[in-house]
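Reading the structure
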Amino acid sequence: MPYQDTWLQPRLPGEGSAVERLAGNMAKAAGRAREVCLACLVLCALVTAAPRAVQPLRPAEGPATDRGGITSALEQARVMLSGHGIVPADDALAPCATLLLNQVQARRQNLSPAERAALSTLLNRPAHLTETRETEHFRFHFAPEGPEAPHGWPWSQEYVGTAMSACERAYEVHHSEELKDGVPIGQGWPKPADDGDGWIDVYIMDLGWGVFGYALHEPVGGDPETTGRQGCPGYMVVDNDFAGFGAGKPGDALRTTIAHEYHHLVQFGYGYDSEASWFMEQCATMEEAEAYALIRDLHAFLPIYGTQTHRRLDLYNGSFEYGSWLWPRFLVDRELQAGASREEAWGLLRTAWETWSREGISMRASLDHVLQLAGSSLQKAHAEWTVWNAFIGDRDDGQHYVDGHLYPRVVVPALVFDQFPAEGVHPHFTRQPEGLGASYVELRPAGTSADDLLEIRIEACEDLHSATLIVWTAPGRAEEPRFIPGWELDVTLSVVGWQDVERAWLILVNGQDAPRSCDFAIHATTSFTHTGVDPVEDDLTELQLRCAPNPFEPHTVISFQLPWAMETALRIYDGEGRHVRTLIDGRSSAGPHAVYWDGRNRAGLREPAGVYYGRIETARGSQRLRMVRIR
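The structure presented is a predicted model; accordingly, all values stated were derived computationally and were not measured.

Observations regarding the layout of surface pockets
Empty space within the largest pocket amounts to approximately 370 Å³. Contributing to the lining of the largest pocket are 16 residues, with Val387, Phe391, His400, Glu480 and Pro481 lying nearest its centre. The residue makeup of the lining of the largest pocket, split by class, is seven nonpolar, four polar and five charged.

Below is the structure:
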């Protein structure tokens, strides 16, 4: 089961000895401070402090509560910062410890004195970095020698210079009022809360092999009770060399890490509440490309979202929130596509943070409020976003993401159909959409099919918000998406000219207040369409069930006529009366129909040569047709 919300609270019975051993371990390790990063000493001590095997834990899924014990949170910190956690490849742990450490920091007042002492190195400003440099807005702290020196020893002036220029670049992107074409080049964010000395502090130190950097908020005036929705000062910590990360260019990793962590400092200016962690990381990840458009490291996170589109929008588990940075990107780009200026487009995000801070509501509620003022809503915008995510990479049409052509096409459908009919096919329960989640269904014309009409019927739970059908005639060329509200899903969706279609996608979005995942079933059939055929008279008495060719190999087409729309079932049986396959089971329109059968059974396997029977059952009666398959 997924790791649940187990963050800090007053110590539970039986946990004290493990946590208090941490302080002793720290004291023993203190003599090695010049050789190993002090924060990493804490984490090494955590290994011995926890008596049970450390599992591949992740930050809590969803709004954090005070359930669980201190040991679990400390193990989380150890895994995050030591880099020793074993994480599945499709749910990779993102290299930012901000989410986790700030949840620990916010609950610091619940720790005993011994526990606070044990964690002081991790949650306090590094005091052992003696060398400093300043720019206009930042003060940098680093070690002039030893393994923590910037980019090795002797320390690298170039590495520190890169950090200095990257910080000023992040400051400019967020706050500059310099005009370009009459519009400020900055995004209009307020400056981070001041910690009293006029500098924004950046610490360069060895973070081991598990994290690129982090930003940590601090209680106002040192009082832990003043966190929450008040502006909190903070500082950044970045790795000194990015060794062990597989980063081809440490300078680029340093630049994007600083852009990411600086945005967290801006967020702290509105306050800190772990409830908004999902949006914190989405926005901060997006900011990497705002500062450095040519460094596309954040594109590597997209598959994390693309393989989990069914998960809820506000999920944060140490990976999903990084891959879903396309959400705030959509909110900005949608405004830009509508003709808004850069400053106006970013205004929607700023207003969401301002409302969240001022009103004390959840970030979801804040976004819903802001979007409603703009004539939309969280639910409507989310449904629109799921459509935008279909138009990236080679499917970009120039009407969605500004840089959509640069993004990798990563959405993985929950179901894929290339053989028809498909009768009542459900997604695996792990791919059903959660509230504010979406499941994608892909339909492709069969390679040997000459069918000209695709008909789709959807059965879904009552909480389903909507379904959207997108039909591509070629990559980058799509028909206008067809949006169907959930309460109108009793219709049959038709795609005429199916043999000329490249593929189609159905996007099923669950409601934001849905209490559980939404199960659904897809019914899809193909048949010929006929032009120039006179309407069938109401007094027709014969269904006229036929097939051609007969005998056949490898396929045949079964045709019939209906006097009016009615419930219809067309099934195939073998010569001994065993059910082989259902070709139609649902409401069919009036007129002639032609259904393709490729000789396959329900399992998709080809049936042997022999005698088969097609049987049609309708409100008007039934008929049976004898067919012979030959080799």
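Regarding the sheet that holds strand β24 (residues 621-629)
Read across the sheet, four strands follow the order β21-β20-β23-β24 without closing on themselves; strand pairing throughout is antiparallel. Edge positions in the sheet fall to β21 (579-588) and β24, since each has one partner strand and no second. Sheet twist, expressed as the mean angle between neighbouring strand axes with direction ignored, is 15 degrees. As paired elements, strand β23 (residues 610-618) and β24 share nine bridges and run antiparallel to each other. Bridge pairing in β24 places Thr618 opposite Gly621.

Some remarks on the packing of helix α6 (residues 157-175) against helix α8 (residues 277-291)
One way to put it is that α6 packs onto α8 with a least axis distance of 10 Å and a crossing angle of 100 degrees. Taken together, the axes of α6 and α8 lie roughly perpendicular to each other. For the pair α6 and α8, contact is made by Arg169, Val173 and His174 and by Glu287, Glu290 and Ala291, respectively. Looking at side-chain class alone, the contact of α6 with α8 contains two nonpolar, one polar and three charged residues.

Some words on the sheet that holds strand β1 (residues 131-134)
Within the open sheet, the five strands sit side by side as β1-β2-β5-β7-β6. Their pairing is mixed. Looking at which strands have only one partner, the edges of the open sheet turn out to be β1 and β6 (213-217). Pairwise comparison of adjacent strand axes, ignoring direction, gives a mean angle of 20 degrees for this sheet. Pairing of β6 with strand β7 (residues 234-239), which is carried by five bridges, proceeds in the antiparallel orientation. The residue bridging His217 from the neighbouring strand is Gly234, located in β7.

Concerning the nonpolar core
Among soluble globular proteins, nonpolar side chains are generally buried collectively. The biggest cluster of nonpolar side chains holds 90 residues, and the ones touching the most others in it are Trp327 and Trp353. Top element by residues in this core is α6. It accounts for nine residues. Residues within four places of Trp353 in sequence aside, it is in contact with Trp189, Gln267, Tyr270, Ala276, Phe279, Met280, Cys283 and Met363. Ile458, Leu464, Ala467 and Leu469 belong to the second largest nonpolar core, which has 26 residues in total.

Some remarks on the confidence of the model for the protein chain
Confidence in the prediction for the protein chain averages 79 pLDDT; 78% of positions are at 70 or higher. Low pLDDT (under 50) marks residues 530-541, which in the prediction has 17 contacts with non-local residues, meaning those over four places away or in another chain.

As for the pairing of β23
Pairing analysis gives seven bridges linking strand β20 (residues 566-574) to β23, with the strands arranged antiparallel. Within β23, the residue paired with Asp574 across the bridge is Tyr612. Hairpin connection from β23 to β24: two residues lie between these consecutive antiparallel strands.

What to know about the environment of Pro549
Following the sequence through the fold, Pro549 ends up in the loop between β18 (546-548) and β19 (556-562). Take Pro549: its relative accessible area is 44%, and that puts it in the partly exposed class. Here the alpha-carbon distance between Pro549 and Val628, two residues 79 residues apart in the chain, equals 9.5 Å. Excluding residues within four positions of it along the chain, Pro549 makes contact with His555 and Thr556.

Remarks on the pairing of β6
Across the five residues that make up β6, a large majority, five, are buried. Side chains Gly213, Ala215 and His217 project from β6 onto one buried face, and the interleaved Tyr214 and Leu216 project onto a second face that is buried too.

Here we look at the environment of Trp564
Summarising the element assignment, Trp564 is placed in the loop between β19 and β20. Residue classification places Trp564 among the partly exposed residues on the basis of a relative accessible area of 37%. Between the alpha carbons of Trp564 and Ser588 there is a distance of 8.6 Å; along the sequence they are 24 residues apart.

Some details on the pattern of salt bridges
Inspection of every chain in the model, using the stated rule, returns 30 salt bridges. Glu134 serves as the salt-bridge partner of Arg139, at 3.3 Å between the closest nitrogen and oxygen. Using a relative accessible area of 23% as the deciding quantity, one classes Arg139 as partly exposed. Here Arg169 ties to Glu172 by a salt bridge, and the two come within 2.8 Å at their closest N and O atoms. One end of the pair, Arg169, and the other, Glu172, are both in helix α6, three residues apart, so they sit about a helical turn from each other. Sharing partners across several salt bridges, the network here consists of Arg395, Glu442, Arg444, Glu502 and Arg503.

Some thoughts on the side chain of Ser277
Mapped onto the fold, Ser277 is located in helix α8. Residue classification places Ser277 among the buried residues on the basis of a relative accessible area of 2%. Those residues in contact with Ser277 that sit more than four places away from it in its chain are Leu99, Gln103, Tyr272 and Tyr316.

A look at empty space enclosed by the protein
On inspection of all chains with the given rule, the structure shows two cavities of 30 Å³ or more. Together, 18 residues line the largest cavity, and Glu455, Thr525, Ile584, Arg587 and Ser588 are the ones closest to its centre. Where the lining of the largest cavity is concerned, the elements lending two or more residues are β11 (453-460), β17 (520-527), β21 and β22 (591-597). Looking at the lining of the largest cavity residue by residue, the classes come out as five nonpolar, eight polar and five charged.

What about the packing of helix α11 (residues 326-337) against helix α12 (residues 342-359)?
For the pair α11 and α12, interaxial distance at closest approach is 8 Å and the crossing angle is 140 degrees. Classified by the interaxial angle, the pair formed by α11 and α12 is oblique. At the point where α11 passes α12, the crossing takes the right-handed sense. Together, Pro328, Arg329, Leu331, Val332, Glu335 and Leu336 of α11 and Arg342, Ala345, Trp346, Leu348 and Leu349 of α12 make up the contact between the two elements.

Overview of helix α13 (residues 363-373)
Along α13, the residues that are buried comprise Met363, Arg364, Ser366, Leu367, Asp368, Val370 and Leu371. The secondary structure elements touched by the buried residues of α13 are α8, α11, α12 and α14 (378-388). Phi turns positive one or two residues past the end of α13, at Gly375, with a value near 90 degrees.

Considerations on the packing of aromatic side chains
Overall, the coordinates contain 27 aromatic pairs when judged by the stated rule. On the basis of an interplanar angle of 70 degrees and a centroid distance of 5.5 Å, the ring pair of Trp327 and Trp385 is categorised as edge-to-face. Taken as a pair, Trp327 in helix α11 and Trp385 in helix α14 lie far apart in primary sequence, 58 residues in all. Overall, the relative accessible area of 0% leaves Trp327 in the buried class. Here Trp385 falls in the buried class, since its relative accessible area comes to 2%. Through successive ring pairs, a cluster of aromatic residues spans Tyr305, Phe320, Trp325, Trp327, Phe330, Trp385, Trp388, Tyr401 and Tyr407. The ring of Trp472 has Arg395 sitting right over it, with the charged end atom 4.8 Å from the ring centre.

Thresholds applied
Residues numbered from 1 in each chain as written. Predicted model: local features only at pLDDT ≥ 70, side-chain atom pairs only at ≥ 80, totals over all residues. Heavy atoms only, no water. 1 Å grid on protein atoms, 1.4 Å probe; cavity = no way out; pocket = protein on both sides within 12 Å on 5 of 7 lines; lining within 4 Å. Points joined across faces, edges and corners; volume = space filled by probe spheres on them. Nonpolar A, V, L, I, M, F, W, Y, C, P; charged D, E, K, R; others polar. Pairing = 2+ DSSP bridges. Helix = DSSP H or I, 4+ residues; strand = E, 2+ residues; numbered from the N terminus. Axes fitted to C-alpha atoms, helices over the stretch in contact; angles between N-to-C directions. Parallel < 35°, antiparallel > 145°, perpendicular 65-115°, else oblique. Contact = heavy atoms within 4.5 Å. Core = buried A, V, L, I, M, F, W, Y, C linked by side-chain atoms within 4.5 Å. Buried < 20%, exposed > 50% of the residue type's maximum accessible area, 1.4 Å probe, protein only. pLDDT = per-residue confidence, 0-100. Salt bridge = Lys/Arg side-chain N within 4 Å of Asp/Glu carboxyl O. Left-handed = near helix turned anticlockwise from the far one by under 90°. Phe/Tyr/Trp six-rings, centres within 6.5 Å; stacked < 30°, edge-to-face > 60°. Lys NZ or Arg CZ within 6 Å of the ring centre and 35° of its normal.

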